[in-house]
Amino acid sequence: MDASAQAPRRRWWLFRRQPKIRRHDLASQWQLMWWKFRRHTLAMIGMVLLGLFAAMVIFAEFISPYPPFERNPAYVAGAPQIPSVIDENGNFRWPPFVQGLKAERDKKTLRLNYVPDPSVKWDVGMFVKGEPYRLLGFIPTDIKLFGVTTEGGFMHLFGTDFTGLDLFSRTIHAARASLGVGFVGVVISFILGAAIGGVAGYFGGWVDNIVMRLIEFIRSIPTLPIWLALAAMLPRDWSPLATYIAITVILSLLGWTWLARTVRSKLLATRQEDFVLAARLSGCSDTRIIVRHMLPSFMSYLIVDASIAFPEILLAETSLSFLGLGLREPVESWGVLLFAAQSIRSIDQAPWLMIPGVFVIIAVLAFNFLGDGLRDAADPYTR
Amino acid sequence: MTRFLMRRLAYTLATLLLVSLVSFIIIQAAPGDFAEIYAAKKADAGAVISAAQIAEVRRELGLDQPWYVQYGTWLANAARGDFGQSWTWRRPVGAVIAERLPLTLAIAFATLVFMYVVSIPIGVYSAVRRYSFGDHAASLIGYLGLAIPNFLLALVLMYLSQRYFGQSVGGLFSPQYSLAPWSWEKLQDLLQHLIVPVIVLGTSGTAFLIRAMRAAVLDELDRMYVLSAKASGLSPMQLLLRYPVRIALVPIASTLGWRLTYVISGAPIVGVVLSLPDMGPLFLNSLLNQDMQLAGALIFLYCALTIIGTFLSDVLLVALDPRIRLE
């Protein structure tokens, strides 16, 4: 303040030319952040991946060739079928195809094995007719992104589970519950964190002290055992939706601490700033100062914390459902799908049951990349 | 120094008390108390139980008292190592846990050692050879390590070792040693079985520590004292180990308590997947069977382990870095 007041008045006529104004000098805070974020390659990759996940959530019925609960009795615990354009003689073949299969019973173990039937090939096409569904919930259609066009044929890209359900379709549909838990969980954590951190930072004194001790306490206890215990306390006869909501709330109960801490420390730091003083002098109410002036000034840090909280909640939900204490059928999440891969015997017979886990890893990676980029961009005024 | 320790100790004890209250609430919040479960078990066995008898059992166990009296009794008993009876095991909870506690501690300790032994050299290497192939490889593995859920890594390692080595990684002892008395061979067998759980539990922590160590060393490498030491003719290796690495170790060591919390937090699920004879499967089964006396005691122990571990790491840190004492 003082420095700028005492600076000598610029005598512009002494300069032959106006100093060049760079676009960085005029850009808004968010504009600067975007420019900085764009340079972070991994963060951009993360954003693209998250875009793909969003498309998966919105267009799940279109992308998945089969309804998630349609059994294929002709292909139980079957391996993934990958379409190919090269036939067994090494010749190019169009349209792509998957090898036809026939079931054979092993004479010794009496297990059903599926062996390729060289005389049969099933053609694969794009935008084929499938089961009717409603796109976006209201457009009735029966066009699927891809599928088998040959009558009587089938293609399970990720194989099938022990009841003959198509794993690819289920994995695509499960993105809804998994990412939904993460999203709602982050929103709840966000509200809790902002409210509790805001109270602590605004009132200070003993309120602040108690909140900080509480946060320290929650941080110092191992989260997973507590989550497991809380999830186990939910009554078994609750509806799947009620369980879903309860699990989300439980996961966000311990996840708000990071956000609360950021809100508190930033509130304390910005309380002394000149623009807050200016707002106070012009007669703004406390609520308006917090919501309109202080919060936007450190919103970017909160977004960073939220992008870090998301994968944690996603991983926690997956772990809980994997152990059978989280979400349950008929709600499908990646963790619920992985529940089938719990024993070494089932993975030995059907290793493809672990594929939903790959989606969990990619989602967590995407959020970590995004978080890294956001962290760098959050303070656009440092170079 | 003494004052700092006393304050820290008082804080630790207060936290332990709070944790015990949380555990007690979890025991209480489960539907049905011990007397009802007892009655249901008896009824299953064919015995006729009247409401008066249930009330009798309830009075005997002190379940008709207000909750704070019950809590006091529970806490007083817990302090003496008596956590009540587990109805699934039909034995005292303390005895059931005592069998498995040492292995839980061994795994947690081995994981911590593994994390620091692996991450510090890799972190230093990545900082010194920045943007080299090794650095990029380390950060790639680091990202993956943070993203893979523990249980999935355990499943994959189990699957691979089953398929390609024909060796089962479940449990902590080979069948021929499980009942044998302790011997050199048994110890070796145990260490072999510990490798997979330690890798599974330690990966995400290692990934985190590599990144932290790399950043800390990079911060130090640009300092003037490094330049002056270089100018006075110290060999690069000596210089590196004597100054920047030593200073960078302090913030790394200070996260020991947090690392321990993460390890303990991940331990139950890894124990379940790898079917280790530690507290993990015990905990999950007690929750699934609503054996809340056992579950509450286990939660208390899990929390107590991290709190005591954090306290010890604080003490260690003060011994390591005198500057902290002044705060």
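Reading guide: rules and limits
- Residues numbered from 1 in each chain as written.
- Chains lettered and ligands numbered in written order.
- Predicted model: local features only at pLDDT ≥ 70, side-chain atom pairs only at ≥ 80, totals over all residues.
- Heavy atoms only, no water.
- Helix = DSSP H or I, 4+ residues; strand = E, 2+ residues; numbered from the N terminus.
- Rg over C-alpha atoms; globule rule 2.2 N^0.38 Å.
- Buried < 20%, exposed > 50% of the residue type's maximum accessible area, 1.4 Å probe, protein only.
- Contact = heavy atoms within 4.5 Å.
- Areas by Shrake-Rupley, 256 points an atom, 1.4 Å probe, with all protein chains shown as cover.
- Lys, Arg positive; Asp, Glu negative; His and termini not counted.
- Charge placed at Lys NZ, Arg CZ, Asp CG, Glu CD.
- Domains from an automatic or database assignment.
- Buried area = accessible area lost by both parts, 1.4 Å probe.
- Salt bridge = Lys/Arg side-chain N within 4 Å of Asp/Glu carboxyl O.
- Polar contact = N/O pair within 3.5 Å; in protein donor to acceptor, adjacent residues only side chain to side chain.
- Nonpolar A, V, L, I, M, F, W, Y, C, P; charged D, E, K, R; others polar.
- Axes fitted to C-alpha atoms, helices over the stretch in contact; angles between N-to-C directions.
- Parallel < 35°, antiparallel > 145°, perpendicular 65-115°, else oblique.
- Left-handed = near helix turned anticlockwise from the far one by under 90°.
- Core = buried A, V, L, I, M, F, W, Y, C linked by side-chain atoms within 4.5 Å.
- Phe/Tyr/Trp six-rings, centres within 6.5 Å; stacked < 30°, edge-to-face > 60°.
- Lys NZ or Arg CZ within 6 Å of the ring centre and 35° of its normal.
- Pairing = 2+ DSSP bridges.

Glancing now at the overall build of chain A. If you tally the helices and strands in chain A, you get 16 helices and four strands. At 28 Å, chain A has a C-alpha radius of gyration far larger than the 21 Å of a compact globule built from 383 residues. Along the longest, intermediate and shortest principal axes, the C-alpha atoms of chain A span 95 × 65 × 35 Å. Looking at chain A as a whole, 46% of its 383 residues qualify as buried. Residue pairs at least 24 apart in sequence account for 67% of intrachain contacts in chain A once pairs closer than 6 positions are excluded. Total accessible area on chain A stands at roughly 20400 Å², and carbon and sulfur atoms take up 64% of it. One finds the centroid of the 38 positive side-chain charges in chain A at a distance of 11 Å from the centroid of its 30 negative side-chain charges.

As a further point, take the domain arrangement of chain A. Residue and element names in this part refer to chain A. Along its sequence, chain A is carved into domain 1 (75–164) and domain 2 (170–377). Relative placement of domain 1 and domain 2: their C-alpha centres are 39 Å apart. Listed by partner, the interface residues are ten residues for domain 1 and nine residues for domain 2. Carbon and sulfur atoms make up 72% of the surface buried where domain 1 meets domain 2, a total of about 760 Å² over both sides. It is Phe 158, Asp 161 and Phe 162 that lose the most area in domain 1 upon contact with domain 2, and together they represent 65% of the buried surface on that side. Where domain 1 touches domain 2, the interface holds one salt bridge. Between Arg 170 and Asp 161 there is a salt bridge; the shortest N-O distance is 3.1 Å. Seen at the junction of domain 1 and domain 2, the total is two residue pairs in polar contact (both at pLDDT 80 or more). Across the side of domain 1 that touches domain 2, the residue classes break down as five nonpolar, three polar and two charged.

This part is about the environment of A:Ile289. Among the structural elements, A:Ile289 can be located in helix α12 (residues 286–297). Along the chain, A:Ile289 and A:Val276 lie 13 residues apart, while their C-alpha atoms are 6.9 Å from each other.

All right, on to the interface of chain B and chain A then. Taken together, the 42 residues of chain B in the interface contact 42 residues of chain A. Here chain B and chain A share an interface that buries about 3600 Å² over both sides, 78% of which is from carbon and sulfur atoms. Three residues, B:Tyr143, B:Phe151 and B:Tyr159, lead the burial of chain B against chain A; their summed loss comes to 16% of the area buried on that side. At the surface where chain B touches chain A, the tally comes to one salt bridge.

Residues and elements named next belong to chain A. At their nearest, the axes of helix α6 (residues 167–203) and helix α13 (residues 299–322) sit 8 Å apart, and the two run at 135 degrees to each other. Considering the angle they form, α6 stands oblique to α13. In this structure, α6 crosses over α13, and the sense of that crossing is right-handed. Contacts between α6 and α13 involve Ser 178, Leu 179, Val 181, Gly 182, Phe 183, Gly 185, Val 186, Ser 189 and Phe 190 on the former and, on the latter, Met 299, Leu 302, Ala 306, Ala 309, Phe 310, Ile 313, Leu 314 and Glu 317.

As a further point, take the nonpolar core. Within the largest apolar cluster, 158 residues are counted, with the highest numbers of intra-cluster contacts made by A:Trp334 and B:Ile97. Among all residues touching B:Ile97, those that are not within four sequence positions of it are B:Met279, B:Leu282, B:Leu294, B:Ala297, B:Leu298 and B:Leu301. The next biggest cluster of nonpolar side chains, apart from the first, holds ten residues, and it includes A:Leu267, A:Ala279, A:Met294 and A:Phe298.

Moving on to the packing of aromatic side chains. Two aromatic rings, taken as a pair, are described by how far apart their centres are and by the angle between their planes. Following the criterion strictly, the structure yields 13 aromatic pairs over all chains and no others. Here A:Trp258 and B:Trp258 contribute two aromatic rings whose centre-to-centre distance is 6.3 Å and whose plane-to-plane angle is 85 degrees, an arrangement assigned as edge-to-face. Separated into two different chains, A:Trp258 in helix α10 (residues 257–270) and B:Trp258 in helix α12 (residues 256–273) make up a pair that spans both. Residue B:Trp258 is classed as partly exposed on the basis of its relative accessible area of 44%. Taken together, A:Phe53, A:Phe158, A:Phe168, A:Trp334 and A:Phe359 form an aromatic cluster joined through their ring pairs. The aromatic ring of A:Trp258 is capped on one face by A:Arg219, whose charged end is 3.7 Å from the ring centroid. The cationic tip of A:Lys266 hangs over the ring face of A:Tyr301; the distance from NZ or CZ to the ring centre is 3.9 Å.

Turning our eyes to something else, we now look at the packing of helix α3 (residues 29–38) of chain A against helix α16 (residues 355–378) of chain A. All names here are of chain A. In the contact formed by α3 and α16, the axes pass within 8 Å of each other and the chain directions differ by 135 degrees. One way to sum up the angle between α3 and α16 is to call them oblique. For the pair α3 and α16, the crossing hand works out as right-handed. Listed contacts from α16 to Met 33, Lys 36 and Phe 37 of α3 are Leu 370, Gly 373, Leu 374, Asp 376, Ala 377 and Ala 378.

Residue and element names in this part refer to chain A. One open sheet holds the four strands; their spatial order is β1-β2-β3-β4, and the pairing between them is antiparallel. For this open sheet the edge positions go to β1 (84–86) and β4 (139–148), each flanked by a neighbour on one side alone. Taking each pair of neighbouring strands and ignoring which way they run, the sheet shows an average axis angle of 50 degrees. Sheet topology places β1 next to strand β2 (residues 92–105); two bridges connect them, and they run antiparallel. Its bridge partner being in β2, Ser 84 is matched across the sheet by Phe 97.

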